[in-house]
Amino acid sequence: MSMKFLIVGGGAREHAIAKRAAHYYTVYAAMPYRNPGIAHLSEYKITDILNPQKVADYCDEVSPDMVFVGSEESLFHGVSDEIIKRGHLCIGAKQKAAEIERSKAFMRRLLEKNNIHGSLRFKTFTDVTTALKYIEEYAGSIAIKPARQAGGKGVKVIADLQAYLKDEKKDAKKKHAAQIVKDHLSQDLDDQILIEERVEGVEYSLQCFTDGKNIVPLPLVQDHPHAFEEDIGPETGGMGAVSGRGQLPFINKGEYKKSLEIMEQSIKSVKSETGEDYFGVITGQFMLTDKWGPTIIEYYARLGDPEAVNVMAILENFDEICEGYINGSLAKIPAEVKDSATVVKCISPKGYPNQRSLGKGKKIYVDIKKIRELGAEVFYGSVYENGALLTGGSRAVEIYAEGDSILEAGKIAEQATQYVISDWKLFHRHDIGSQELLDKRMRTAQRARDVYQYRAEHNLIGRNIDWIPGIGRIET
Amino acid sequence: MAGVLGIYAFEEIWNVSRFLYYGLVAIQTRGEEFSTLSTGNQYIIGEGLPDTLDPSGLKGQAGIAGVFTKEEGFYFDDEISVLYDGSIDVKTLVHQIKNGDKIEDVLSSLEGAYALLVLKDNVMYAARDPRGIKPLCIGGIGFDMAVVSSESSALDVIGAEYSRDIKPGEVVVIDQFYIESVENEPFSQAHCAFEFVYFSRPDSQVFGKSVHSLRKLIGETLHPQDADVVIGVPETAIPFAMAYSGKNNIPVDLGFVRTGRPTRTAIKPTQLERMIGVQLKLNPVRTAVAGKRVVLIDDSVVRGTTMRNTVSLLRRRGAKEVHVRIASPKLVAPCPYGVEVPTRDELIAADNTEEEIARIIGADSFSYLKVDQLKELIGLPVCTGCMTGKYPVSTGSGVYPAEPTGVKTTSERAAEVST
């Protein structure tokens, strides 16, 4: 009889994990609503996945060999802690360790305190008045974020480089800071607003399995946060993601190594800071910046979405890794991945991301047969069933395809998008996986690389040197 | 002749009016007589450069703005704001859009050469004519705004990143919730060749090419001449002179110093204004030219009067010889697509050979860039109507149009639109 695997969560990410797990295990799922993809391949229970008792009760009922907590909010609410308390093996960071994602202020302090490469300058605010005062007096090019993770929402990055547009930008910054406190008021954290220095460059995600001592990295993936074509439009949770065969073409080996080093140090620091081994999944949302080279923008205490879909589809020894967690032998198990490039395209209803209510409850039809005929696969995200399949307002469906190159995978995924239809307007990005976009990434990465290498040669990495008339040289 | 700019912010926290204003300053070289700025519910019109506009009272999440060489190319009312560079039947356009017809359908039935921006019900439409005669590109500012502009330099100035050119025949619809592209069937392409020689800023990219790189190629191609110094007429002709100098191993020097603020003399509406402009603009630097054989490079010659004045100034400062090279082909016909080329009897090149022009302006030699040379250097299908009299849009090919659509008077346009 095969082992029992229980997944907690009901999105496309959990669908991808469950689908991979189903290759080896009998899958059970605890999800907040019926995800048709997960439902199809598991025995499941619809339950409040933020309630540790309810999830743990289901675990007791199933008695799984391992539980995998996919969703960050479950981690934040201590679901892993309760599952572990009841004696189950749980792949998913405990509440204290998941703080690295929940509190962006915690994350920044951790990096700063432990002197980890890529520590951006930041300031935290517990009330909006002080934040507004700071913006009025100092803020230049900055990122303004809710201090608590809010599903990726509420982040605003403003380049403030033109003196003649300064007032407009100051105005927008203030309005946004006020909006954060209004929309994302954190009940469980003192810090409300985080302001950090803005960096630019190319983003990439490094997803890793770890038991706190050993780390199993997965291939690099690049997400596409802009809602619309050609990197225009508001920030989303990600409109799609690409991975090359093993690596991304615009990140070199040294940069990859450095990124992994940063993650190893961060995981160790979590232990020294919280006393907890980081046991679960961690994703580094990196940017190759001109200032530091590889730089952490945010940490996730779980796999990325859509990045999880890219890697789970090609991860060929997921069972060994899971059992490595059980046996404490993770050190000996590197990830074995199929030698394919992958592309994921997310299909969202009009209204996403800025007014999700607009695109909620719309009928959506997915022709799985046609999509599979193309060699592509469907993962269900923000959809639910009520007679028909209905949209939840966020990214509804994710299309996965693989190929010998990102270009080839992109073409297949693009073709497959035509088989997801709705009476409501749906959109996705045609350009994800295109040569034009890859070329652009290569150029942006090279620009950042040229500058950070210059800085490295001149011993300037991580240093800010300024000269102010009347005051003199200031070094930080 | 005009320059257009549109900005759409995806969130209400932004007011785009000042972004529009500074972006407009970046393309003010495309039209100095009228400036306009609209945020849909409010609009302002200034007689002159963008600094005649005060955007401080305007608020909006989306807006469009333009600069124009005449009182034409814009239409505003309570429902709709329209701006265009080029020529199009704006009266029919406005009428049909108000009737509820889709913009792409209206455009597919209208002849014209245009970079068009429409703002209606908080939705922005950006369109290019199916031949791609006028330039228009799109980019974005972070996660906050989409920006559409005649020239990419306006994007640079307001901190936007260039994404791509809008395609010939394409209509880009920009809404708070999506950006959609509708593509009408493109015709055979005919990009305005004059954008490369004269209109666009050298720091812009138009029709997918760097303007500056192309101008350097043009400078290298101009007819060689044994001389002691090369000078260019500010500002457009300086890069031509630099490239000519490198190619022919003749030192380039600072030939002129400008008096007063920069202005584009060739697109001034009256002869007196042009002459005042030129005389104020160009004071030759004596030591750069005195006792020397001078190659003088300019971007264009229309009537020849300003060039004659310039050559004479150089001789009075002691130039031994003056050889004039023009970095564009001779103009022989008007432009029906909104560029102000004088009528045939005002064009020096229409009836005179290069030798005759040299004598008229008092130069030792005179030579234009040839149309075929320009075409080859650009390497794209181009419209050379003003240089050949042959137009991509049928207006009687090869025949000098008696009433080109682009040169209707202000009052005629106003009358048409208001009816």
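No experiment lies behind these values; they were computed from the predicted model shown.

Novice: Residue-level account of the nonpolar core, with values.
Specialist: Counting residues in each nonpolar core, the largest one holds 269 residues, and the members touching the most others are Ile7 and Ile399 of chain A together with Ile7, Leu117, Ala126, Val147 and Ile297 of chain B. Broken down by element, this core gets its largest block of residues, 7 residues, from strand β7 (residues 112–120) of chain B. Excluding anything up to four places from it in sequence, Leu117 of chain B contacts Val4, Gly6, Ile64, Leu83, Met124, Ala126 and Val148 of chain B.

Novice: Run through the pairing of strand β27 (residues 472–475) of chain A, naming residues and quoting values.
Specialist: All names here are of chain A. Bridging between strand β26 (residues 465–468) and β27 involves 4 bridges; their strand directions are antiparallel. Within β27, the position partnered with Trp467 by the bridge is Arg473. Count of turn residues in the β26/β27 antiparallel hairpin: 3 residues, of which Gly470 carries a positive phi of about 85 degrees.

Novice: Describe in detail the domain arrangement of chain A, supporting the description with residues and values.
Specialist: A common way to express how large an interface is: the accessible area buried when the components associate. Residue and element names in this part refer to chain A. Taken domain by domain, chain A holds domain 1 (4–92), domain 2 (121–197) and domain 3 (201–427). Taking only C-alpha atoms into account, the centre of domain 1 sits 19 Å from that of domain 3. Listed per partner, the contact involves 22 residues of domain 1 and 26 residues of domain 3. Looking at the side of domain 1 that touches domain 3 element by element, the count peaks at 7 residues for helix α1 (residues 12–21). Classifying every residue of the side of domain 1 that touches domain 3 by side-chain character gives 11 nonpolar, 7 polar and 4 charged.

Novice: Pulling in residues and values, what's your account of the domain arrangement of chain B?
Specialist: All names here are of chain B. Segmenting chain B into domains produces domain 1 (2–188) and domain 2 (209–387). When each unit is reduced to the centre of its C-alpha atoms, the spacing between domain 1 and domain 2 is 32 Å. Of the residues lining the interface, 11 residues belong to domain 1; the matching set on domain 2 comes to 10 residues. Looking at the side of domain 1 that touches domain 2, the element that brings in the most residues is strand β6 (residues 80–88), giving 3 residues. Here the side of domain 1 that touches domain 2 is built from residues that sort into 3 nonpolar, 5 polar and 3 charged.

Novice: Explain the interface of chain A and chain B to me, and be specific about the residues and the numbers.
Specialist: Facing 26 residues of chain A, the contacting portion of chain B comprises 20 residues. Broken down by secondary-structure element, the contributors of at least two residues to the side of chain A that touches chain B are β8 (156–158), α9 (166–183), β13 (226–228) and β14 (232–235) of chain A. Of the residues contributing to the side of chain A that touches chain B, the split by class is 11 nonpolar, 7 polar and 8 charged.

Novice: Hey, could you go over the sheet that holds strand β13 (residues 179–183) of chain B for me, with residue numbers and the actual values?
Specialist: All names here are of chain B. Pairing is antiparallel in the open sheet, where 6 strands are placed in the order β5-β6-β7-β8-β12-β13. Each edge of the sheet is formed by a strand with only one pairing partner; in this case those strands are β5 (74–76) and β13. Neighbour to neighbour, the strand axes of the sheet diverge by 10 degrees on average, direction disregarded. Across 9 bridges, β6 lies against β7 in antiparallel orientation. In the sheet register, Tyr84 faces β7, and the bridge partner there is Leu116. This element, helix α2 (residues 90–98), spans β5, β6 and β7 of the sheet and lies at about 145 degrees to β6.

Novice: Tell me what's going on with the packing of helix α8 (residues 128–137) of chain A against α9 of chain A, and back it up with residues and numbers.
Specialist: Residue and element names in this part refer to chain A. In contact at an axis separation of 10 Å, α8 and α9 are set at 165 degrees when each is read in the N-to-C sense. Between α8 and α9, the crossing angle belongs to the class labelled roughly antiparallel. At the point where α8 passes α9, the crossing takes the right-handed sense. Here Val128, Ala131, Leu132, Ile135 and Glu136 of α8 lie close against α9, whose contacting residues are Lys170, Lys173, Lys174, Ala177, Ala178 and Val181. A breakdown of the residues in the contact of α8 with α9 according to their chemical character gives 7 nonpolar, no polar and 4 charged.

Novice: So what's going on with helix α6 (residues 211–221) of chain B? Residues and values would help.
Specialist: Along α6 of chain B, the positions that sit buried rather than exposed are Val211, Leu214, Arg215, Lys216, Ile218, Gly219 and Thr221 of chain B. At its buried positions, α6 of chain B is contacted by α5 (194–199), β15 (205–206), β16 (209–210), α7 (238–248) and α13 (371–378) of chain B.

Novice: So what about the environment of Gln96 of chain B? Which residues, and what values?
Specialist: Residues and elements named next belong to chain B. As for its position among the elements, Gln96 is in helix α2. A residue is classified by how many C-beta atoms lie within 10 Å of it, and Gln96, with 18 of them, is partly exposed. Taking the C-alpha atoms as reference, Gln96 lies 48 Å from Leu282; in sequence the two are 186 residues apart. With sequence-adjacent residues up to four places away left out, Gln96 is seen in contact with Asp101 and Val106.

Novice: Can you tell me about the sheet that holds strand β4 (residues 66–69) of chain A, naming the residues and giving the values?
Specialist: Residues and elements named next belong to chain A. Here 5 strands make up an open sheet; going across it, the order is β3-β2-β1-β4-β5 and the pairing parallel. Strand pairing shows two members of the sheet lacking a second neighbour, β3 (43–46) and β5 (90–91), which therefore form its edges. Bridge count for β4 against β5 is 2 bridges, and the pairing is parallel. Residue Val67 lies in a different strand from β5, and its bridge partner there is Cys90. Most of the contacts of α1 go to strand β1 (residues 4–8), to which it runs at about 175 degrees, and overall it touches β1, β2 (26–31) and β4. Strands β1, β2, β3 and β4 of the sheet are contacted by helix α3 (residues 52–62), whose axis makes an angle of about 165 degrees with β1.

Novice: Please provide a residue-by-residue account of the pairing of strand β10 (residues 201–210) of chain A, values included.
Specialist: The two faces of a sheet get side chains in turn, since along a regular strand they alternate between them. Residue and element names in this part refer to chain A. Of all 10 residues that make up β10, 9 are buried, and the element is covered over most of its length. Sheet topology note: the β10/strand β16 (residues 280–289) ladder contains 10 bridges and is antiparallel. Bridge pairing in β16 links Ser205 to Gln285. Judged from the 3 bridges that link them, β10 and strand β11 (residues 215–217) form a sheet pairing that is antiparallel. Each bridged residue has a counterpart across the sheet, and for Thr210 the counterpart in β11 is Ile215.

Novice: Let's hear about unusual backbone geometry: which residues, and what values?
Specialist: A cis amide bond links Asp305 of chain A with the next residue in sequence, Pro306 of chain A, at an omega value of 20 degrees. Of note, Pro306 of chain A is situated in the loop between β17 (293–300) and α11 (307–312). Between Pro234 of chain B and the following residue, Glu235 of chain B, the backbone shows a cis peptide bond with an omega angle of -5 degrees. Following the sequence through the fold, Glu235 of chain B ends up in the loop between β17 (229–232) and α7. Here Glu230 of chain A, not a glycine, exhibits a phi torsion of approximately 55 degrees, which is positive. Structurally, Glu230 of chain A is set in the loop between β13 and β14. With a phi angle near 55 degrees, Asn459 of chain A is a residue other than glycine that sits in the positive phi range. Along the chain, Asn459 of chain A turns up in the loop between α15 (435–457) and β26. Looking at Asn459 of chain A, the number of C-beta atoms within 10 Å reads 8, which means it is exposed.

What counts, and at which threshold
Residues numbered from 1 in each chain as written. Chains lettered and ligands numbered in written order. Predicted model: local features only at pLDDT ≥ 70, side-chain atom pairs only at ≥ 80, totals over all residues. Core = buried A, V, L, I, M, F, W, Y, C linked by C-beta atoms within 7 Å. Buried ≥ 20, exposed ≤ 12 C-beta atoms within 10 Å, placed from the backbone. Helix = DSSP H or I, 4+ residues; strand = E, 2+ residues; numbered from the N terminus. Contact = placed C-beta atoms within 7 Å. Pairing = 2+ DSSP bridges. Domains from an automatic or database assignment. Nonpolar A, V, L, I, M, F, W, Y, C, P; charged D, E, K, R; others polar. Axes fitted to C-alpha atoms, helices over the stretch in contact; angles between N-to-C directions. Parallel < 35°, antiparallel > 145°, perpendicular 65-115°, else oblique. Left-handed = near helix turned anticlockwise from the far one by under 90°.

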